[in-house]
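Descriptive analysis of the structure
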Amino acid sequence: MCMLFAVNAAQSFEANAYLDAFFANSPKHPHGWGLAQMRGGGMVIKKECVEARKSAALAQLLKKPIRSRLMLAHIRYATIGNVDPANCHPFSGFDKRRTRWTLIHNGTIFDYRPISPYMKKQKGETDSERVFLYLIDELDRLGSSDPDERFELLERIVADMAKGNKLNLVFTDGEYLYVHTNCRETLFYLEKDGAAVFATAPLTGERWRAVPFCTLVAFKDGAQVRAGSPHDNEYIENAENVRMLYRIFSNL
């Protein structure tokens, strides 16, 4: 699949050591990389559909301190969608209130009808982009900037979407970082120096902990501020899903 990385911090946090360890996994996830950083209130995104460790652009970025209070990174192993820049994460865009949202996803949405109409609207081909577009539209339908109302909406959607699907995702509005996993031992976090650092697998020998399971959580300024009710929609790999992925990947 793919690998996820994120930072949510109270102050600017230097992440070079963690990013080096994260991108070192790219030979096994060679179909693209992306890095989003909050700068001056805006999100700056760089991404390419090449293996991260073979990217001259990424190498140049990592030579300098990567500091931000909010960042997301992704390395892609293509399952749904060709190896193309439009299919690289993160996905980012604005809701009707001009709030910018950014998403990274690890997993596959095998069956979730509400995202199907977005096949005609998306720029690329991934299920992840369809999830992103759907979430933005649902937030627009909610029409609220209240953090509690937004969290409750996202919690309902995530629990429903997780049924039969692998849904490891990180989603942010630039202030809150929403995190969810429904596949065991595939998303961890580390609390350090006023920051929460997230990764698909522990990147260092420090005290990483599993992200709350089958539960939407929200972080702000490096601390968990909300946790939803646990749901029962754990994703467990099965033979049919593996066959489906093989069929999809063989056509890329």
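Residues numbered from 1 in each chain as written. Predicted model: local features only at pLDDT ≥ 70, side-chain atom pairs only at ≥ 80, totals over all residues. Heavy atoms only, no water.

Topic: the environment of Thr102
Using the following cut-off: For helices the rule is a DSSP run of H or I covering at least 4 residues; for strands it is a run of E covering at least 2, with both sets numbered from the N terminus onward. When checking whether two residues touch, look at their non-hydrogen atoms; a contact exists if any pair is within 4.5 Å. Two N or O atoms form a polar contact when they lie within 3.5 Å of each other; inside protein one atom must be a possible hydrogen donor and the other a possible acceptor, and for residues adjacent in sequence the pair counts only when both atoms belong to side chains.
Inspection of the secondary structure puts Thr102 in strand β6 (residues 100-106). Between the C-alpha atom of Thr102 and that of Thr172, which follows or precedes it by 70 residues, the distance is 5.4 Å. The residues contacting Thr102, other than those within four sequence positions of it, are Ala36, Met43, Ile45, Leu72, Pro90, Phe91, Ser92, Phe132, Val170, Phe171 and Thr172. A distance of 2.9 Å separates polar atoms of two side chains, one belonging to Thr102 and the other to Ser92.

So, the sheet that holds strand β8 (residues 177-180)
Condition: In this scheme, strands are said to pair when DSSP sees at least two bridges between them. Note on method: axes are straight lines fitted to C-alpha atoms, helices fitted across the in-contact stretch only, with angles between N-to-C directions ranging 0 to 180 degrees.
Strand order in the open sheet made by the six strands is β5-β6-β7-β8-β12-β13, with antiparallel pairing throughout. Two strands close off the open sheet at either side, each with one partner strand: β5 (91-94) and β13 (223-227). Averaged over all pairs of adjacent strands, the angle between strand axes in this sheet comes to 20°, irrespective of strand direction. Here β6 pairs with strand β7 (residues 168-172) via five bridges, running antiparallel. Across the sheet, residue Ile104 finds its bridge partner in β7, namely Val170.

Overview of the layout of surface pockets
Using the following cut-off: Residues are called lining when one of their atoms sits within 4 Å of a cavity or pocket point, these points coming from a 1 Å grid over the protein atoms alone, where a cavity is a set in which a 1.4 Å probe fits but cannot get out and a pocket is an open set with protein on both sides within 12 Å along at least five of seven lines. Grid points are joined across faces, edges and corners, and a volume is the space filled by probe spheres set on the points.
The space that makes up the largest pocket amounts to roughly 280 Å³. As for the largest pocket, its lining consists of 16 residues, and the residues nearest its centre are Phe91, Ser92, Lys123, Glu129 and Phe132. Counting residues per element, the ones that place at least two in the lining of the largest pocket are β3 (42-48), β5 and α3 (127-142).

Everything listed here is a matter of geometry and, on its own, says nothing about what the molecule does.
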